[in-house]
Amino acid sequence: QNSQTMSSPAAKPGSDSGNAGNAKADQTSNRVYIKSDEHGWLPATLVSHDDANGGSGGTATVSVRNYADQNQIQSDGDKHGPHATSVQEMTVNLSDYDGCVLPLQNVDEDGTLREVADMVDLPFLHEAAILYNLKARHVASTPYTRTGDIVIAVNPYQW
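A brief look at the structure comes next. (Residues numbered from 1 in each chain as written. Predicted model: local features only at pLDDT ≥ 70, side-chain atom pairs only at ≥ 80, totals over all residues. Heavy atoms only, no water.)

### Description of the side chain of T145
Positionally, T145 belongs in strand β5 (residues 144–147). Within the structure, the side chain of T145 is placed 2.8 Å from the side chain of R137, a separation counted as a polar contact. (Helix = DSSP H or I, 4+ residues; strand = E, 2+ residues; numbered from the N terminus. Polar contact = N/O pair within 3.5 Å; in protein donor to acceptor, adjacent residues only side chain to side chain.)

### Observations regarding the layout of surface pockets
Of the volumes computed, that of the second largest pocket is approximately 270 Å³. Lining the second largest pocket are 15 residues; nearest its centre among them are D98, V101, L102, P103 and H126. Here the residues of the lining of the second largest pocket sort into 10 nonpolar, one polar and four charged. (1 Å grid on protein atoms, 1.4 Å probe; cavity = no way out; pocket = protein on both sides within 12 Å on 5 of 7 lines; lining within 4 Å. Points joined across faces, edges and corners; volume = space filled by probe spheres on them. Nonpolar A, V, L, I, M, F, W, Y, C, P; charged D, E, K, R; others polar.)

### Things to note about the packing of aromatic side chains
Overall, the coordinates contain two aromatic pairs when judged by the stated rule. With a centroid separation of 6.4 Å and an interplanar angle of 50°, the aromatic rings of W41 and Y97 are classed as tilted. Of the two residues, W41 is situated in strand β2 (residues 40–50) and Y97 in the loop between β4 (84–93) and α3 (127–139); the sequence distance between them amounts to 56 residues. The class of W41 is buried, set by a relative accessible area of 11%. Sitting over the ring of Y97, K35 keeps its end group 5.1 Å from the ring centre. (Phe/Tyr/Trp six-rings, centres within 6.5 Å; stacked < 30°, edge-to-face > 60°. Buried < 20%, exposed > 50% of the residue type's maximum accessible area, 1.4 Å probe, protein only. Lys NZ or Arg CZ within 6 Å of the ring centre and 35° of its normal.)

Following this line, the structure appears as C-alpha cells:
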C-alpha cells in the first residue's frame, strides 16, 4: 500500500511538498522500529537520515522513549505516554537492517498503533509489527489473533 514510505523510510521529517496527502504520509513515515538487544525491537521516531553510501547503508538518528517497565513500552508516536520516563536520541547503522531500511510502525496520523485481528491486514508486515500487534491485543485481553488461516493464541493470563 504505502510503497513510497516503505522504500523511503528516511524521508525528511516534517518536509511538506504542499500536498496534504504528503503531509499525512510524513506524519506516519517517520515512525519506525529499531533493534534492541534487551527488548528485541523498540518504537522510535526518525529524526534525520544520512545516506552516506548512496542507498547501501548510512546512518539514521532516531528519538526513543525510555520506560521503567518493559510492559509499558508501546508504539505511541510523538506522544510522551504516561509511562515514558525520558526521551533519548540514538544513531543507528542502517546496514544492520534488511535492505538498509528501518521497519515502519503501523500507526495512524496521531501515532496510535493500528491494532488488527488479522495480521494480513497490517500495512507493514515484519517481525516488529507482528510482535507489537500481539502485545497490544494481549494488553486488551484479546488472546486470539490470526494471520490468514493460521490462528495465534497468546496466553491470556496476566499478572
